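One letter stands for each residue in the lines below.
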Amino acid sequence: MQQNHHHHFQHELHTQKLQALGQLAGGVAHDFNNILSVIEGYARMIERQLGREHPMHDKVDHILTATKRGASLTRRLLAFGRQQILPEASCDIAQVIRDNEVLLQPLLTRRIHIALPATRELFYVPCDDDTLSQIIINLAVNARDAMPDGGTITMNLSGDADTVTLRFADTGFGIPPYVLPKIFDPFFTTKEQGKGTGLGLSMVSGFMRQIEGDIRVTSETNKGTIFTLIFPRAQTKNKFADDKKDSHTGYSLLRDKTVLVVDDEEQLLPLVEAQLQDLGMKVLKAANADTALILQEDYRDKIDLLLTDVVMPGLNGVRLSELLQSLRPDIGVVYMTGYANRADTETHMSPLPRDALVIPKPLQPDSISPALLAALQRVHDM
């Protein structure tokens, strides 16, 4: 009985730890997403101004890829805190490994050589590109830290009818046998203070469990470490991959419409403004709800849309939209949030309307227009 009680207590403690982590991750991810939005927004502006032919275009493109990875990492952190299953998608693991070579090289030193699988076979697994990239980058950074004098990272892929196996090997100093059983525990790290969170491998193993895959590790002192990741095989490629329509169809409806943008993140306002002006929209902007209310009072013409952050000091976005809709019943509303989903947003404020249109930060240019169009459509259908 005593033993059982102890286990229950341990489990309780573990659950509390995860809940606390989830809340912490929520707050950090929100702020981090705002920072990423700024980096990404300015990188996009630079990319547009340089044009495709410019020699620096590729470098800006790498910055944008990295911000996308960063945004996906914050989603991953939130999912980890809540043990939530992420949206279904599938991708070709061989292609993702090749795509990541350019991102991995700056993380690793010149002395570390990456040997990639030479396969042309398709290995579809139930996982989105970003999550898979995160896993590979995570393993690569750990391998780098185990090879201070250089070495080789080798990735091999093999598959049968039901599974795809990624073998990720390094030639580093290995993991001591007494450490090996603990490497997937949350917060466990052998790195010195400030060098690692001890969450990386824990997130990887959590994800592999979610998709009903498996991760194993073998290590030999001074010979190296091999991680073996066994994914269930996905039958088809992601059904959304072919649905990316030309992003300008239908958006002519937004031209000349007036949108009021409200966000307390000062650096973000001019970025969102630039994106909306690109769509031919007229933009009014305010850094908080009070300013927005005064601004709309002085504005004599029609305001078609409100695009507002949800969590702000003073009046939050939901209260602001309620007040605005009572003053201007035919205004369409779209919310922006740096939290990963409704549940997180709502722990920080009053509940969002059930059918609220919400777009995540960092704002993707291709998520703003459909949401604004949907909001216009709703007002039109009322």
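For the structure, check the block above.
Predicted model only: the values in this text are computed from it and were never measured.

Q: How should I be thinking about the overall build of the chain in this particular structure?
A: When you go through the chain residue by residue, the secondary structure sums to ten helices and twelve strands. Counting only residues that meet the buried cut, the chain has 46% of its 382 residues in that class. In the chain, of all internal contacts separated by at least 6 residues, the share reaching a separation of at least 24 is 71%. Here the chain has roughly 20,500 Å² of accessible surface; of this, 54% comes from carbon and sulfur atoms.

Q: Explanation requested: the packing of helix α7 (residues 289–298) against helix α8 (residues 317–327) in the structure shown.
A: Describing two packed helices takes the angle between their axes plus the distance from one axis to the other. Running from N to C, α7 and α8 cross one another at 10°; their axes reach a closest spacing of 10 Å. When the interaxial angle is binned, α7 and α8 end up roughly parallel. Judged by residue contacts, Ala 289, Ala 292, Leu 293 and Gln 296 of α7 engage Leu 320, Leu 323, Leu 324 and Leu 327 from α8. Of the residues contributing to the contact of α7 with α8, the split by class is seven nonpolar, one polar and no charged.

Q: So what exactly am I meant to see when it comes to the sheet that holds strand β4 (residues 151–159) here?
A: Hydrogen bonds along the backbone pair up the strands of a sheet, which may run parallel or antiparallel. An order of β2-β4-β5-β7-β6 is seen for the five strands of this open sheet, with the pairing classed as mixed. Bordering the open sheet on either side are β2 (112–115) and β6 (214–220), each of which pairs with just one other strand. Sheet twist, expressed as the average angle between the axes of neighbouring strands with direction ignored, equals 15°. The pairing of β2 with β4 spans four bridges and is classified as parallel. Considered in β4, the bridge of Ile 112 is made with Gly 151. Seen against the sheet, helix α3 (residues 93–107) touches β2, β4, β5 (163–170) and β7 (224–232) and runs at an angle of roughly 165° to β4. Packed onto the sheet, helix α5 (residues 200–210) meets β6 and β7 and runs at close to 30° relative to β7.

Q: What should I look at first to understand empty space enclosed by the protein in this one?
A: Enumeration over the complete set of coordinates arrives at two cavities of 30 Å³ or more. Its volume calculated, the largest cavity comes out at about 70 Å³. Surrounding the largest cavity, Ser 37, Glu 40, Gly 41, Leu 268, Leu 271, Val 272, Gln 275, Pro 362 and Leu 363 form its lining. For the lining of the largest cavity, the elements supplying multiple residues, two or more each, are α1 (2–50) and α6 (268–278). The element that contributes the greatest number of residues to the lining of the largest cavity is α6, accounting for four residues.

Q: How should the pattern of salt bridges be read in this particular structure?
A: Note on pairing: side chains with opposite charge can pair once their charged atoms come close. Evaluated as defined, the whole model comprises ten salt bridges. Here Glu 40 and Arg 44 are joined by a salt bridge, their closest N and O atoms 3.2 Å apart. One end of the pair, Glu 40, and the other, Arg 44, are both in helix α1, four residues apart, so they sit about a helical turn from each other. Among the ionic pairs, Glu 322 bridges to Arg 319, the shortest N-O distance being 2.5 Å.

Q: Can you help me understand the side chain of Asn 316 in this one?
A: Within the fold, Asn 316 resides in the loop between β10 (305–309) and α8. Exposure remark for Asn 316: the relative accessible area of 13% places this residue in the buried category. Within the local environment of Asn 316, its side chain forms a polar contact with the backbone nitrogen of Arg 319, the two atoms lying 3.0 Å apart.

Basis of the calculations
Within each chain, residues carry numbers counting from 1 in the order of the written sequence. Local features are withheld for residues below a pLDDT of 70 in this predicted model, meaning they are given only at 70 or higher, and side-chain atom pairs are given and counted only at 80 or more; totals for whole chains, interfaces and linings count all residues. Heavy atoms from the whole structure form the basis of all side-chain values; hydrogens and water molecules are not counted. Strands are runs of DSSP state E lasting at least 2 residues, helices are runs of H or I lasting at least 4, and numbering of each runs from the N terminus. To sort residues, take the accessible area from a 1.4 Å probe on protein chains only and compare it with the maximum for the residue type: under 20% means buried, over 50% means exposed, and anything in between is partly exposed. Note on contacts: a residue pair is in contact if any heavy atoms of the two residues lie within 4.5 Å. Computed by Shrake-Rupley with a 1.4 Å probe, the accessible areas treat only the displayed protein chains as cover when residues are assessed. Where helices are involved, their axes are fitted lines through C-alpha atoms of the stretch in contact, as for all axes, and angles between N-to-C directions lie from 0 to 180°. An angle below 35 degrees is treated as roughly parallel, one above 145 as roughly antiparallel, one from 65 to 115 as roughly perpendicular, and anything else as oblique. Ten residue types, Ala, Val, Leu, Ile, Met, Phe, Trp, Tyr, Cys and Pro, are classed as nonpolar, four, Asp, Glu, Lys and Arg, as charged, and the remainder, Gly among them, as polar. Strands are treated as partners if at least two bridges between them are detected by DSSP. Cavities and pockets are found on a 1 Å grid laid over the protein atoms alone: a cavity is a set of points where a 1.4 Å probe fits but cannot escape, a pocket is an open set with protein on both sides within 12 Å along at least five of seven lines, and a lining residue has an atom within 4 Å of such a point. Grid points are joined across faces, edges and corners, and a volume is the space filled by probe spheres set on the points. Take a side-chain nitrogen of Lys or Arg and a carboxyl oxygen of Asp or Glu: if they are within 4 Å of each other, that pair is a salt bridge. For this analysis, a polar contact is any N or O atom pair within 3.5 Å, provided that within protein one partner can donate a hydrogen and the other can accept it, and provided that sequence-adjacent residues contribute only side-chain to side-chain pairs.

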